Amino acid sequence: MAPTLELDDIQGLLVRGYSSLRAACYLLLAVTDPPAARPALARAALRVTDGRTEPAETAVNLALTADGLRRMGTLPPGLDGFPDEFVSGMTDPDRSRFLGDLGQDAPRHWRWGGPATPPVHVLALLYARDEPGLQRLEAELRQDLLATGGLTEVLRLTTAELGDREPFGFRDGISQPLIEGLAKTSRVAAARDGATADGDVVKAGEFVLGYPNEYGLLTDRPLLPDDGTRLLPREPGGTAADLGRNGSYLVFRQLHQDVQGFWGYLDDVTRRPDGTSDPAAREALAARMVGRWPGGAPLVHAPGQDDPGRATDNDFGYFATDPDGLRCPLGAHIRRANPRDSLDPRPGSAESVAIGRRHRILRRGRSYGPRGGPEPPPTAADDTQGNGLHFLCLNANISRQFEFIQHTWLNNPNFNGLHDAPDPLVAPRGNHHATFTRQARPVRTRHVGLPQFVFVQGGAYFFLPGLRALRYLCTAAPKDGQR
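Since the structure is predicted, the reported quantities are computational estimates derived from the model, not experimental observations.

**Some points on the packing of helix α1 (residues 34-45) against helix α5 (residues 131-146)**
- Between α1 and α5, whose axes approach to 7 Å, the crossing angle comes to 150°. Classed by the angle they form, the pair α1 and α5 counts as roughly antiparallel. Contacts between α1 and α5 involve A40, L41, R43 and A44 from the first element and L141, D144 and L145 from the second.

Spelled out as structure tokens, the structure:
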């Protein structure tokens, strides 16, 4: 039986991506004076959007880094109960190696979140129906957060108007898991008599703390012996105050996408014998690297050409239809990011799908920059800020979900029986030997020496608390003498 989610205590970003709110920006803030920052965040918390209804005009969500929680002073300094990866942070040297953030992607080169940039403690996510509405919302929220001097702005990150294409020009946002217990999920599950082919209906506890996950357990979360304020819910069957319930962990990475480099590379390797460009071949190779055509149709169902009728097709697996990668190459981006039914030990089985459900994430990112696609911008001035993605995802277990996908599926050069073949689209090229293989009969095609197309420019791990927990963090008595 699906759990009843406490939507009035869950931040709205966990429930929906605000697709009707097409303008957005992100404010990265630092706590400079904790006693003044706490009431400032308490005022902003009154504006936070919960998960009950789709907002028509604006939405606000708030999250904090581990350093931000320490600076607020209302939790023990060790942050007991929070996972190690969150406490140590994305830029911990061991974590950087695990994520592939080395060389030009190393945190020392980042625009924000790295050791050479000001610390980030608070993230304010602002959404509005249009740009004028976003400007009004931002002005009001700045008054709440910055007027008293307890918080300072580190950086304002802009986004492009929300569309259905990411900067490389491919339809985005197609394959998203659905949270068990939400009305939309229930309708889909009932209509299809269970989960979709790729296991899209996922236990709520994979994304929201305090609910059973795909193992039938509660994901570890921070519990307090006594919250002092009675703001927090009690631990089920216990007496501890549950700081984690209805919260989640938000992974934020700013990813610059070299749009011209991507399409330029494809143009070079698909030129006709006479040296002229072959746009059809260029698009076909791009589709095989991604696993979908730019319009969204998956190669599993449309191997020869794009099919507008399948633009949002997400009901497919790999084992029965394309086990050898003859339609969608084994190393294509979508086969890595969501292997569906192709995982050991029993590919094609319900067990394989169930394993995949333990490594799903909710993507909530937005693009930035002027435009995407194969054609260059009209003038150089149109591309001054570059193109990219503010990658945001939500998960209850950063290590088992985001980090596992990044390390074991995307960056792994030996994924799916391949060799020297990390993700052709988004993986770093640390050894400069990246290869992309197009399986075919009688002869495969190997593209050797793929350049890197996506570069990390900033990032951090955030705790997205439930609304009661957010109020607690703003109003509880300081610990260890912090006033």
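After that view, the rundown keeps rolling.
**Some words on the environment of D242**
- One can find D242 in strand β8 (residues 241-242).
- Overall, D242 belongs to the buried group, its relative accessible area being 1%.
- Along the primary structure D242 and Y318 are separated by 76 residues, whereas in three dimensions their C-alpha atoms are 41 Å apart.
- Discounting chain neighbours no more than four positions away, the residues touching D242 are R221, P222, L223, L232, P233, R234, E235 and P236.
- A polar contact of 2.9 Å, which involves the side chain of D242, links it to the side chain of R221.
- At a separation of 3.0 Å, a polar atom in the side chain of D242 contacts the main-chain amide nitrogen of R245.

**Let's talk about the packing of aromatic side chains**
- Under the criterion given, the structure shown has 17 aromatic pairs.
- Measuring from centroid to centroid gives 5.9 Å for Y265 and F453, while their planes differ by 55°, and the two rings are tilted. Remark: F453 occurs in the loop between β14 (445-448) and β15 (454-464) and Y265 occurs in helix α7 (residues 259-269); sequence separation between them is 188 residues. The residues Y265 and F453 share a single accessibility class, namely buried.
- With a centroid separation of 5.3 Å and an interplanar angle of 80°, the aromatic rings of F404 and W409 are classed as edge-to-face.
- Judged by relative accessible area, which is 22%, F404 ranks as partly exposed.
- Relative accessible area serves as the criterion here: at 5%, W409 is assigned to the buried category.
- An aromatic cluster is defined as three or more aromatic residues linked by ring pairs; in this entry it consists of F168, F170, F262, W263, Y265 and F453.
- Over the face of the ring belonging to Y318 we find R335, whose NZ or CZ atom lies 4.1 Å from the ring centre.
- Just above the ring of Y215 sits the side chain of R358; from NZ or CZ to the centre is 4.5 Å.

**A few points about the packing of α7 against helix α8 (residues 279-290)**
- With their axes 9 Å apart at the nearest point, α7 and α8 run at an angle of 120° to one another. Between α7 and α8, the angle falls in the class oblique. Our pair here, α7 against α8, has a crossing hand that is right-handed. Residues F262, W263, L266, D267 and V269 of α7 touch α8, and the partners they reach there are R282, E283, L285, A286 and M289.
- Residues of the contact of α7 with α8, tallied by class, amount to seven nonpolar, no polar and three charged.

Analysis parameters
- Residues numbered from 1 in each chain as written.
- Predicted model: local features only at pLDDT ≥ 70, side-chain atom pairs only at ≥ 80, totals over all residues.
- Heavy atoms only, no water.
- Axes fitted to C-alpha atoms, helices over the stretch in contact; angles between N-to-C directions.
- Helix = DSSP H or I, 4+ residues; strand = E, 2+ residues; numbered from the N terminus.
- Parallel < 35°, antiparallel > 145°, perpendicular 65-115°, else oblique.
- Contact = heavy atoms within 4.5 Å.
- Buried < 20%, exposed > 50% of the residue type's maximum accessible area, 1.4 Å probe, protein only.
- Polar contact = N/O pair within 3.5 Å; in protein donor to acceptor, adjacent residues only side chain to side chain.
- Phe/Tyr/Trp six-rings, centres within 6.5 Å; stacked < 30°, edge-to-face > 60°.
- Lys NZ or Arg CZ within 6 Å of the ring centre and 35° of its normal.
- Left-handed = near helix turned anticlockwise from the far one by under 90°.
- Nonpolar A, V, L, I, M, F, W, Y, C, P; charged D, E, K, R; others polar.

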